[in-house]
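Summary of the model geometry
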Amino acid sequence: MLDRGYIASRTARGADVVVVNTCTVTASADAQARQAIRATHRANPRARILVTGCYAQRAPEELVELEGVCWVVGNSHKPQIPDLVEQMCKRDTDLTAAAFVPLAELEADPLSLARAPAKILTGDILALTAMPLTPVAGGEGAHSRPTLKIQDGCNSRCAYCVIPYVRGRSRSLPPDDVLREIRRLSAAGYREVVLSGINLGSYGRDLAPRIEFGDLLRHILDETPLERLRISSIEPMDVTRDLIELVASTDRVAQHFHIPLQSGSDRILAAMHRRYRAAQYARRIELIRELLPEAGIGADVIVAFPGETDADHRATVELVRKLPFTYLHVFPFSKRPGTEAAKLSDEVSPEVTKRRSKEVRALASEKSAAFRAAQLGGKLRVLTLNRNGNGPSGPWTAALSSNYLEARVRGCWPANQMLDVRITASDPFDLLGEVLDSESEGTCPEP
């Protein structure tokens, strides 16, 4: 849209068109999306609101009824959003009165732009293409760590997960496209790029010729000048010894693994249709710690899956206590329409769910605090972020380490600088660091 001459509005209040990108992984995410749409319409009733993302793909008929919504565009047609906006602006019409197209009709004959305007645009998931990434220098929108999506969709059918239904089957960005994007981002000055995907470890299995995820990483390391590559969430069975050894062999891949656990109970893992058991998961985490003693290791945990007993919960708590996690994302089970788990009747009560969630989060906080405390006196190589401030001990700049620890570095530094820092203090929430070398210090903001 920027390439077409549109100008980004600092707030929704001053915008002509507002695009709301939605998640639908939990019921809470759906509620937040609806709340954001209503708040946008209240703040700017004249704005044309276009809703896209996973909620739009899953339940467009719910979103189309919200006041102010002109278009609902599923993931299948997200790349066409600039064309839709251009149509709205050229015609200067209010599309809220456009015809409603039944979902059954769209499934049989996905709507094309030739038949627009219409309220809903969803259909088959399109092939994965490289999304253009425009480097932003300075300002609130600047990012130190661009994310490159190299894989989308999922062929698994975990009982609780709606994502395969809204993202389609697994598909991968061709390796030449991945390398081209990373070279372009490196040329633009970025030091770290995050590789992301819905099921990242399945990368390349749909391509001809097939390519393994580890081989793609080797190509990136051998054929691009990127200083640091970070892997986002990856499934346990895709964390092989070969992958761990690759990360251990170079300082150009962040020492950080996020590996969804979901449960420490084999019975619940089977009910979830997860393709591993607790002992298999534990062996992978222990191997990471053996080969990468300082690595950051995170996981997702679902609490109170239907049928989860006290014994199942204890198994999860004990596994979390045993393994060297440095942080956890804890989610109470959320019933998602159309999934197998949504049909299960033996739900855990809200009171028990709350208690179990609190227990796992408390344990996660203990492990995170212990990992931060262990950094005291040590050295970390960090990448400065676009956030700074003034504290009791003076100005600071936020920075992120290879092992996924955020530190407040003394002084004001431009975003996107690699610095070696000595950790001088740790509390349950923050690390404080002193710079050991420097490139160029910036100007501190006003308190």
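Residues numbered from 1 in each chain as written. Predicted model: local features only at pLDDT ≥ 70, side-chain atom pairs only at ≥ 80, totals over all residues. Heavy atoms only, no water.

1. Focus: the overall build of the chain
Broken down by element type, the chain carries 13 helices and 16 strands. Across the 447 residues of the chain, 51% fall into the buried class. In the chain, of all internal contacts separated by at least 6 residues, the share reaching a separation of at least 24 is 70%. In the form shown here, the chain has an accessible surface area of approximately 21,000 Å², with 52% of it arising from carbon and sulfur atoms. (Helix = DSSP H or I, 4+ residues; strand = E, 2+ residues; numbered from the N terminus. Buried < 20%, exposed > 50% of the residue type's maximum accessible area, 1.4 Å probe, protein only. Contact = heavy atoms within 4.5 Å. Areas by Shrake-Rupley, 256 points an atom, 1.4 Å probe, with all protein chains shown as cover.)

2. Structural notes on the sheet that holds strand S15 (residues 418-426)
Sheet strands pair via backbone hydrogen bonds, and the direction of the pair is either parallel or antiparallel. If you walk around this closed barrel you meet the five strands as S12-S13-S14-S16-S15, and the pairing is mixed. Here the strands of the sheet are splayed against their neighbours by 50° on average, with no regard to which way each runs. Bridge count between strand S12 (residues 379-391) and strand S13 (residues 394-401): seven bridges; the pairing is antiparallel. Note on S13: the bridge partner recorded for glycine 391 is glycine 394. (Pairing = 2+ DSSP bridges. Axes fitted to C-alpha atoms, helices over the stretch in contact; angles between N-to-C directions.)

3. Some thoughts on the packing of helix H12 (residues 310-322) against helix H13 (residues 350-373)
In contact at an axis separation of 10 Å, H12 and H13 are set at 5° when each is read in the N-to-C sense. On the basis of their axis angle, the class for H12 and H13 is roughly parallel. Between H12 and H13, the contacting residues are Asp310, His313, Val317, Val320 and Arg321 on the first element and Arg356, Glu359, Val360, Leu363 and Lys367 on the second. (Parallel < 35°, antiparallel > 145°, perpendicular 65-115°, else oblique.)

4. Examining the packing of helix H7 (residues 175-187) against helix H8 (residues 213-223)
Their axes nearest at 10 Å, the elements H7 and H8 cross at an angle of 40°. As the angle between them shows, H7 and H8 are arranged oblique. Like other packed secondary-structure pairs, H7 and H8 cross with a definite hand, here right-handed. In contact with Pro175, Val178, Leu179, Ile182 and Arg183 of H7, H8 contributes Leu216, His219, Ile220 and Glu223. For the contact of H7 with H8, the class distribution of residues is six nonpolar, one polar and two charged. (Left-handed = near helix turned anticlockwise from the far one by under 90°. Nonpolar A, V, L, I, M, F, W, Y, C, P; charged D, E, K, R; others polar.)

5. Structural notes on the pairing of strand S2 (residues 48-53)
A regular strand carries its side chains on alternate faces of the sheet. Among the six residues that make up S2, six are buried, leaving the element largely enclosed by the rest of the structure. On S2, burial covers both faces: Arg48, Leu50 and Thr52 on one face and Ile49, Val51 and Gly53 on the other are all buried. Bridging between S2 and strand S3 (residues 69-73) involves four bridges; their strand directions are parallel. Each bridged residue has a counterpart across the sheet, and for leucine 50 the counterpart in S3 is tryptophan 71.

6. Quick word on the pattern of salt bridges
In total, this model carries 32 salt bridges according to the counting rule given. A salt bridge links aspartate 310 to arginine 356, with the shortest nitrogen-to-oxygen separation between them at 2.7 Å. Of the two residues, aspartate 310 is situated in helix H12 and arginine 356 in helix H13; the sequence distance between them amounts to 46 residues. When the shortest N-O distance is used, the salt bridge between glutamate 318 and arginine 321 registers 3.7 Å. (Salt bridge = Lys/Arg side-chain N within 4 Å of Asp/Glu carboxyl O.)

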